[in-house]
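These are the residues of each chain, in order.
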Amino acid sequence: LDNINLPLVPQHISLITGIANINLNLLGGIIAKFFPLSGQEVMQPQINSLLSLYSGKLQMQEGSLPQKAVYVGPDPEKHLFFAKVSEEMLMRLACSGAGCDEILQVMGLDASFLSRRIASLSGGEKMKVALAIALAQKADCYLLHGVVPWLDKNGREHLWKQLQIMQTRGAHIVFCENEIDEILSFADYIYYFDGCSLMPTNNKGIKAKLGVGGHEFLRQQMANTNSEKLLEFIVVSLLRHPHYSVERVTNLLD
């Protein structure tokens, strides 16, 4: 990794997007304070695959890591250790009964989930449980890596609401995501990761790099091109998007 300049500013949300490779996993592990190793490979065997990527020494040239960080990665299986949701919450948060109910409600889950076996949950439900447990912990920084694609519309709305509460408490939230359309609207800082370095950018710049809203850009490019027509699309649209309740009124391709 080179030139990783990520100021951790309280009450702000940072978005890191770009090339998703092993180095991005390493970056998340550094921010989450998994490195340098300090016995965590024994305490948390589920993250051995992440810890095994790291070798060498960590040198901080400027700035500092958060005092306490909470990490949620793209595989919810790695964050859940026990057979039942109630057992998970009792062992991880030392809560039971009404206290657990309130924690689950943060991600839109009702009290019935306490009696559910974790193996019976869908991937999205597991991620909601993992996020509810993570957000119940007090920290200076919350690093959410690849969690958004797991969540349905309801889950995303609950997450956005809870992150606003975390901001008012002084936390810095860091997203590492490639599915960024909704996050762009409330991210305070946006960074493009090229595989080794972080480069600050803005909403317009990241859209150009990643092609967010790229069909509009494509239309403009094609309008200025005199090349031979190879393939024509006529009124190609997506009537119902899985995460939105309203129909799209503009064509994707025409």
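Keep in mind that what you see is a predicted model, and the values were worked out from it rather than measured.

## Looking at the packing of helix α4 (residues 85-93) against helix α5 (residues 98-105)
For the pair α4 and α5, the least separation of the axes is 11 Å and the interaxial angle reads 100°. The pairing of α4 with α5 is recorded here as roughly perpendicular in orientation. Contacts between α4 and α5 involve V85, M89 and L93 from the first element and C100, I103 and L104 from the second. Counted by class, the contact of α4 with α5 contains six nonpolar, no polar and no charged residues.

## Brief notes about the state of the cysteines
Considering all chains together, one arrives at one disulfide under this definition. Here C95 engages in a disulfide with C100; their sulfurs sit 2.4 Å apart. Torsion about the S-S bond of the C95 and C100 cystine: about 105°, corresponding to right-handed handedness. For C100, a relative accessible area of 2% translates into the label buried. C141 takes part in no disulfide bond, and the closest cysteine sulfur, belonging to C176, lies 9.6 Å away.

## A few points about the confidence of the model for the protein chain
For the protein chain, per-residue confidence averages 83 on the pLDDT scale, and residues scoring 70 or more make up 82% of the total. Here residues 39-43 scores under 50 on pLDDT; set against residues more than four positions off or in separate chains, the count is five contacts.

## Points about helix α7 (residues 153-168)
Each α-helix turn comprises 3.6 residues. Residues three or four places apart therefore point the same way. Between the first and last C-alpha of α7 there are 23 Å, a value that for 16 residues agrees with the 22 Å anticipated at 1.5 Å per step. Within the sequence span of α7, burial applies to G155, R156, L159, W160, Q162, L163, M166 and Q167. If you follow the buried residues of α7, they end up packed against β1 (13-18), α6 (123-135), β3 (141-145) and β4 (172-176). Once α7 ends, the next one or two residues include G170, with phi positive near 100°.

## Some remarks on the nonpolar core
Among the nonpolar cores identified, the biggest contains 45 residues, and M89, L159 and F175 are the most heavily contacted of them. For this core, the element with the highest residue contribution is α6, accounting for eight residues. Leave out the neighbours within four places in its chain, and L159 touches M107, L135, L144, V147, L151 and F175. With 21 residues, the next largest nonpolar core counts L27, A32, F34 and C141 among its residues.

## Thoughts on the environment of S120
For S120, the position within the fold is in the loop between α5 and α6. For S120, the side chain forms a polar contact with the side chain of R116, separated by 3.4 Å. In terms of polar contacts, S120 uses its side chain to reach the backbone carbonyl oxygen of R117, at 2.6 Å.

Quick notes on the rules
- Residues numbered from 1 in each chain as written.
- Predicted model: local features only at pLDDT ≥ 70, side-chain atom pairs only at ≥ 80, totals over all residues.
- Heavy atoms only, no water.
- Axes fitted to C-alpha atoms, helices over the stretch in contact; angles between N-to-C directions.
- Helix = DSSP H or I, 4+ residues; strand = E, 2+ residues; numbered from the N terminus.
- Parallel < 35°, antiparallel > 145°, perpendicular 65-115°, else oblique.
- Contact = heavy atoms within 4.5 Å.
- Nonpolar A, V, L, I, M, F, W, Y, C, P; charged D, E, K, R; others polar.
- Disulfide = S-S within 2.5 Å.
- Buried < 20%, exposed > 50% of the residue type's maximum accessible area, 1.4 Å probe, protein only.
- pLDDT = per-residue confidence, 0-100.
- Expected span 1.5 Å × (residues − 1).
- Core = buried A, V, L, I, M, F, W, Y, C linked by side-chain atoms within 4.5 Å.
- Polar contact = N/O pair within 3.5 Å; in protein donor to acceptor, adjacent residues only side chain to side chain.

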